[in-house]
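Descriptive structure summary
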Amino acid sequence: MGYLDFDKKARHIVSLSGGKDSTALAVYLKNKIPQLEYVFCDTGAELVETYEYLDRVESFLEKKLVRLNSGKAFEEYLDKHRNFLPSPMSRWCTAEMKIKPYEDYIGSDRCFSYLGIRADERREGYISRLPNITAVYPFQEDGIDRNAVYKILEDSGLGLPKYYAWRSRSGCYFCFFQRSIEWVGLLERHPKLFAKAEKFEQMGYNGGSEKFTWVKGRTLDWIRKNKDAIKESHRVRMEKQAMKQQHKTIHDVFSEAADQESAKRPCDICDI
Ligand code: SF4
C-alpha cells in the first residue's frame, strides 16, 4: 500500500523546518493529499530569513501554516537546565522546543507524519515513539533525490531559502551543529544574534570550572578573532569541492565544504 492509500480520516501532516527538503515535500504533496496540514515548530530563535521564506511557502501552499511554539523562550529553558548549553550529546532543545509542541499538537489523533528524507539519503528523520503517529517517506517511495528536490523548488518559483548562501541548514541561530564558517556567517550577517549566542555561552559554566561552548573546544570569541583564517580555509575547500563537482549547485558546494569541517548531522526535525 502506498502513502496515497492511507486512511483518509486520519490526520496527515508535513512538519516544515524552513529547509529545502521539507519545503519541497509540502509542494510535492500539495495537490496529492488535499487534507494535508502544514506545521512549523518555531523555537523563537530561527533566522529572519527562515520566517520570510516560510511566509512565501505559506502563500504558495494556499493554506495556513500552523506555527507551533512551546510558549517559552530559549532563555527560560537555559535557566531550567542551569545554563547547560544543548549539544549533540544533550539535545534538550529539540525535545522541548520542537518535538513536544509537535506531539502536543497531534495529541491522541491518528496521524501520518510526512518526512522529506530523500531517496538518496539514508537517515530516518524524526520518528515519534507515540503509537498513533506513523512516519511516511514519500520521496523515498517515489525516488525523489536531491536534484529532483531542486527542480521542485525551482519549478514552484520558491527557490532556496536565502540563508543557504552562508549556512547549510535550517534551525536556530545558535545551533551547535553549525560549522565555524557558519558561525562566521552569523557574525557577519547577524552580529546581534552572534553576540546573544556568545552571552549564552559565557553563562554556560558548570559550577565555575568547566566551560560549555557552542563549538566543541572553541569559544565564539575565538571564532570572532580567527574569522579571517576560517574564511580562507573554507574558501580553499570550496574551490576544491567546486572543481570536483561542477554539476552541483553553489549550495551543495558550500554544504559539502562545510561538512569537511565536521560530519555531525543536526536533529532531523530541525533540518529536513
Ligand atoms: S536547530 Fe539546533 S539548537 Fe535548534 S532545536 Fe534543533 S538542534 Fe537544537
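For the structure itself, consult the block above.
One structure accompanies this document, and this report is about it. (Residues numbered from 1 in each chain as written. Predicted model: local features only at pLDDT ≥ 70, side-chain atom pairs only at ≥ 80, totals over all residues. Heavy atoms only, no water.)

**So, the pairing of strand 1 (residues 11-16)**
Filter applied, for reference: Classification of residues uses two cut-offs on accessible area relative to the type maximum, computed with a 1.4 Å probe and protein chains only: under 20% is buried, over 50% is exposed, and between them is partly exposed. The helix and strand labels rest on DSSP assignments: H or I over at least four residues marks a helix, E over at least two residues marks a strand, and numbering proceeds from the N terminus. Being paired, for any two strands, means DSSP has found at least two bridges between them.
Burial analysis of strand 1 places six of its six residues in the buried class, the great majority of the element. Across the two faces of strand 1 the burial is the same, with R11, I13 and S15 and H12, V14 and L16 all buried. Two strands pair when backbone bridges link them, and strand 1 and strand 4 (residues 111-114) are joined in this way by four bridges, in the parallel orientation. Directly across from I13, in strand 4, lies its bridge partner S113. Sheet analysis places strand 1 next to strand 2 (residues 37-41), joined by four bridges and oriented parallel. Of the residues in strand 2, the one forming a bridge with V14 is Y38.

**Description of the sheet that holds strand 4**
Pairing between sheet strands relies on hydrogen bonds along the backbone, with the strands arranged either parallel or antiparallel. The following threshold applies: Here an angle of 0 to 180 degrees is reported between the N-to-C directions of two axes, which are lines fitted to C-alpha atoms, with helices fitted over the stretch in contact. Every residue pair with non-hydrogen atoms within 4.5 Å of one another is taken to be in contact.
Read across the open sheet, the five strands follow the order 3-2-1-4-5; overall the sheet is parallel. Strands with a single pairing partner mark the edges of an open sheet, and in this sheet they are strand 3 (65-68) and strand 5 (133-136). Strand-to-strand, the axes of this sheet are offset by a mean angle of 30°, without reference to chain direction. Most of the contacts of helix 1 (residues 20-29) go to strand 1, to which it runs at about 145°, and overall it touches strand 1, strand 2 and strand 4. Sitting on the sheet, helix 4 (residues 92-106) is in contact with strand 1, strand 2, strand 3, strand 4 and strand 5, with an inclination near 150° to strand 2.

**With respect to helix 4**
Convention followed: To estimate the expected span of a helix, subtract one from its residue number and multiply by 1.5 Å. Note that the bend at a residue is defined as the angle between axes fitted to the seven residues ending at it and the seven residues starting at it.
Between its first and last C-alpha atoms helix 4 spans 20 Å; for 15 residues at 1.5 Å apiece the expected length is 21 Å, and the two agree. Remark: the principal bend of helix 4, roughly 40°, maps to I99, with a proline, P101, within the next four residues. Listed as buried for helix 4 are W92, C93, T94, E96, M97, K98, P101, Y102, E103 and I106. Among the structural elements, strand 1, strand 2, strand 3, helix 3 (74-80), strand 4 and strand 5 are those in contact with the buried residues of helix 4. Two residues or fewer past helix 4, G107 is found with a positive phi of approximately 65°.

**Concerning the packing of helix 1 against helix 2 (residues 48-61)**
Note the following rule: Roughly parallel refers to an angle under 35 degrees, roughly antiparallel to one over 145, roughly perpendicular to one between 65 and 115, and oblique to any angle outside these ranges. When residues are sorted by character, Ala, Val, Leu, Ile, Met, Phe, Trp, Tyr, Cys and Pro go into the nonpolar class, Asp, Glu, Lys and Arg into the charged class, and all the rest, Gly among them, into the polar class.
Direction vectors running N to C along helix 1 and helix 2 enclose 10°, while the axes themselves pass 10 Å from each other. Classed by the angle they form, the pair helix 1 and helix 2 counts as roughly parallel. Across the interface between the two elements, T23, A26 and V27 from helix 1 touch Y53, V57, F60 and L61 from helix 2. Among the residues forming the contact of helix 1 with helix 2, the class breakdown is six nonpolar, one polar and no charged.

**Here we look at the packing of aromatic side chains**
As a reminder of what qualifies: Think of it this way: a Phe, Tyr or Trp ring, Trp meaning its six-membered ring, pairs with another when their centres are within 6.5 Å, and the plane angle makes it stacked under 30 degrees, edge-to-face over 60, tilted otherwise.
Evaluation of the coordinates by the stated rule reveals 16 aromatic pairs. A ring pair is formed by F174 and W214, whose centres lie 5.2 Å apart and whose planes are at 20°; its orientation type is stacked. Remark: W214 occurs in the loop between strand 7 (210-211) and helix 9 (220-225) and F174 occurs in the loop between helix 6 (146-156) and helix 7 (180-189); sequence separation between them is 40 residues. On the basis of relative accessible area, W214 is assigned to the buried category, the value being 3%. Residues W183 and F194 carry aromatic rings whose centres are separated by 6.2 Å and whose planes lie at 80° to one another, so their mutual orientation is edge-to-face.

**Quick look at the pattern of salt bridges**
For clarity, the cut-off: Each reported salt bridge corresponds to a side-chain nitrogen of Lys or Arg within 4 Å of a carboxyl oxygen of Asp or Glu.
For the structure on display, the rule yields 21 salt bridges. Ionic pairing is found between R11 and E37, a salt bridge with its closest N-O pair at 2.8 Å. One end of the pair, R11, is in strand 1; the other, E37, is in strand 2, and 26 residues separate them in sequence. Notably, a salt bridge pairs E46 with K98, separated by 3.2 Å at the nearest N-O pair. In this pair, E46 sits in the loop between strand 2 and helix 2 while K98 sits in helix 4, placing the two residues 52 residues apart along the sequence. Here the two residues E46 and K98 agree in accessibility, since each one is buried. Each of the salt bridges in this network shares a partner with another, and the network as a whole consists of K20, D21, R118, D120 and E121.

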